[in-house]
Amino acid sequence: MPSPFSRRQAIYAGALSTVAAPFVNAWAQAWPSTTIKIICGTAAGGLTDLFSRAYGDYISRAVGQPVVVENRVGATGAIAAQTVKAAPPDGHTLILSVATTFLGNRLLVRDLQYDPDKDFTLISLMPSGHLPLVVHRSTGATDLKQFLDYAGRNEVSLGTYGLATHPHIAAHEFNKALQRPIVPVHYRGEAPMWRDLSAGVVQAASGSYLAAVSTLDSRAGRAIAVPTAQRMRKLPDVPTYAEQGLASPAFQVKGWVGLFGPAGLPEPITQKLSELMVAAGKSEAIQKMLDTFAIDEAALTRAESKKLYDEEGPIWIDLVRQLGISPT
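Residues numbered from 1 in each chain as written. Predicted model: local features only at pLDDT ≥ 70, side-chain atom pairs only at ≥ 80, totals over all residues. Heavy atoms only, no water.

**Here we look at the overall build of the protein chain**
Right, so step 1: Within the protein chain one finds 12 helices and 10 strands.
Right, so step 2: Overall, the protein chain is about 75 × 50 × 35 Å in size when its C-alpha atoms are taken along their principal axes.
Right, so step 3: Considering only intrachain contacts with a sequence separation of at least 6, the fraction spanning at least 24 residues in the protein chain is 76%.
Right, so step 4: Working note: accessible area of the protein chain is about 15,400 Å², and carbon and sulfur atoms make up 55% of it.
Right, so step 5: Here the protein chain holds 30 positive side-chain charges and 28 negative ones, and the gap between their average locations is 2 Å. (Helix = DSSP H or I, 4+ residues; strand = E, 2+ residues; numbered from the N terminus. Contact = heavy atoms within 4.5 Å. Areas by Shrake-Rupley, 256 points an atom, 1.4 Å probe, with all protein chains shown as cover. Lys, Arg positive; Asp, Glu negative; His and termini not counted. Charge placed at Lys NZ, Arg CZ, Asp CG, Glu CD.)

**Digging into the pairing of strand S1 (residues 36–40)**
Right, so step 1: Where burial is concerned, most of S1 is hidden: 4 out of the 5 residues are buried.
Right, so step 2: Examined bridge by bridge, S1 and strand S2 (residues 67–71) share 5 bridges and lie parallel to one another. Its bridge partner lying in S2, Ile39 is registered against Glu70.
Right, so step 3: Chirality of the crossover, the property in question, places the unit of S1, helix H2 (residues 47–63) and S2 among those that are right-handed. (Buried < 20%, exposed > 50% of the residue type's maximum accessible area, 1.4 Å probe, protein only. Pairing = 2+ DSSP bridges. Right-handed = clockwise from strand over helix to strand, strands pointing away.)

**Focus: the packing of aromatic side chains**
Right, so step 1: Applying the stated criterion across every chain yields a total of 12 aromatic pairs.
Right, so step 2: For the pair Phe102 and Phe260, a centre-to-centre distance of 3.9 Å together with 20° between the ring planes defines the contact as stacked. In this pair, Phe102 sits in helix H4 (residues 99–102) while Phe260 sits in strand S10 (residues 256–262), placing the two residues 158 residues apart along the sequence. Phe260 carries the same exposure label as Phe102, and that label is buried. (Phe/Tyr/Trp six-rings, centres within 6.5 Å; stacked < 30°, edge-to-face > 60°.)

**Regarding the pairing of strand S5 (residues 133–136)**
Right, so step 1: By the alternation rule, side chains of S5 split into Leu133 and Val135 and Val134 and His136, which are all buried.
Right, so step 2: As judged from the 3 bridges shared by S5 and strand S8 (residues 204–206), these two strands associate in the antiparallel manner. Looking at the pairing, Val134 lines up with Ala205 of S8.
Right, so step 3: Pairing of S5 with strand S9 (residues 221–225) involves 4 bridges; the strand directions are antiparallel. Paired with His136 across the bridge in S9 is Gly221.

**Details of H2**
Right, so step 1: For H2, with 17 residues, the first-to-last C-alpha span of 24 Å sits near the 24 Å given by 1.5 Å per residue.
Right, so step 2: Among the residues making up H2, those that are buried are Thr48, Asp49, Phe51, Ser52, Tyr55, Gly56, Ile59 and Ser60. Seen end-on, H2 carries its buried residues on one side only, within an arc spanning 155°. (Expected span 1.5 Å × (residues − 1). Arc of directions from axis to C-beta.)

**As for the layout of surface pockets**
In this approach, a probe sized like a water molecule rolls over the atoms, and the result shows the empty space that is left.
Right, so step 1: Its boundaries defined by the atoms lining it, the second largest pocket holds a volume of some 290 Å³.
Right, so step 2: Leu216, Arg219, Gly221, Arg222 and Ala223 are, among the 14 residues lining the second largest pocket, the residues nearest its centre.
Right, so step 3: For the lining of the second largest pocket, the secondary-structure elements that each account for two or more residues are S5, helix H9 (209–217) and S9.
Right, so step 4: Residue contributions to the lining of the second largest pocket peak at 3 residues, all from S9.
Right, so step 5: Classifying every residue of the lining of the second largest pocket gives 6 nonpolar, 4 polar and 4 charged. (1 Å grid on protein atoms, 1.4 Å probe; cavity = no way out; pocket = protein on both sides within 12 Å on 5 of 7 lines; lining within 4 Å. Points joined across faces, edges and corners; volume = space filled by probe spheres on them. Nonpolar A, V, L, I, M, F, W, Y, C, P; charged D, E, K, R; others polar.)

**Concerning the packing of H2 against helix H10 (residues 267–281)**
Right, so step 1: Running from amino to carboxyl end, H2 crosses H10 at an angle of 115°, the nearest separation of the two axes being 9 Å. Between H2 and H10, the angle is such that the two are roughly perpendicular. In the packing of H2 onto H10, the handedness of the crossing is right-handed. Residue-level inspection shows Tyr55, Tyr58, Ile59, Ala62 and Val63 of H2 in contact with H10, the latter providing Leu273, Leu276, Met277, Ala279, Ala280 and Gly281.
Right, so step 2: Taken together, the residues of the contact of H2 with H10 sort by class into 10 nonpolar, 1 polar and no charged. (Axes fitted to C-alpha atoms, helices over the stretch in contact; angles between N-to-C directions. Parallel < 35°, antiparallel > 145°, perpendicular 65-115°, else oblique. Left-handed = near helix turned anticlockwise from the far one by under 90°.)

**Side note on H9**
Right, so step 1: Buried within H9 we find Tyr209, Ala212, Thr215 and Leu216. What you see down the axis of H9 is that its buried residues fit within an arc of 110°, all on one side.
Right, so step 2: On its buried face, H9 sits against S5, helix H8 (190–199) and S9.
Right, so step 3: Among the residues trailing H9, Arg219 stands out with phi positive, at a value near 65°.

**Some details on the sheet that holds strand S4 (residues 120–127)**
Right, so step 1: Reading across from one edge, S2-S1-S3-S10-S4 is the order of the 5 strands in this open sheet, with mixed pairing throughout. Each edge of the open sheet is held by one strand with a lone partner, namely S2 and S4. In this sheet, neighbouring strand axes are inclined to one another by 25° on average, regardless of whether the strands run parallel or antiparallel.
Right, so step 2: Of the strand pairs in this sheet, strand S3 (residues 93–98) and S10 are connected by 4 bridges, and their pairing is antiparallel. Its bridge partner lying in S10, Val98 is registered against Val257.
Right, so step 3: Contacts between H2 and the sheet are confined to S1, S2, S3, S4 and S10, with S2 contributing the most and set at about 160° to the helix.

And the structure:
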């Protein structure tokens, strides 16, 4: 039987929530009362920055307040995350950054100054699209089996656009089945990586379709596989890894960028922002941008975002852990 103290606690908590609810709702109804800042965890000009500006522009027009984007670059979004962690949870300061900020940084950044699970409120995730595997024409490979056979007989290097990125993880997965390991070559961004693949300096690379398209159009490289469960609309004839017999979780998980607020963001504001993100994703401007980048999905609902984060987040963390990278 509950003690009188427990009953008094329950009565007090219920009364407090009843009193507080109107204030929370009034606060939410007044939102936004000033400029909304989206702190972008990457440099200007990349996909994450463009998402910040395109979705931010839609939100600004919908709510009648300015939305400004501030790029806080460093430690794969850690500096941006620390900024938003310290902001008031009033819906006027948000972070839009890559998955590594919330997943991989747990293993890559020594003495991380934020808790990805406790210091933020998830609003919406935006899938960042397929990352086709492209091989140089000198390999003669037209599918994954032929490429891995070639790698087993020759020295092969695979370009990545950074440590712990999907291409780095892919090389690690390939090497589990090879006696002669594929060597990952880490570039600072995609542009130099694709230039080297076109020149035959590396024999394979994986990255965004838009950055790879000149290599594909010149026939210097051929796309032979795409990750996740569905084929790309832009490359409908290129089979998935799973269709070619590689069913590792590394080739099934989705990359994403995410919009988060500080912990304690009121539920009505979180829900409103989520609804605005979904509506923005259906707009003509963002649909055109997604088509340009060959991204087949727009912003997800809160329920869809939470499901993706909860189900695939631990897989991403384990895949990064397997790389054995020492935190810096």
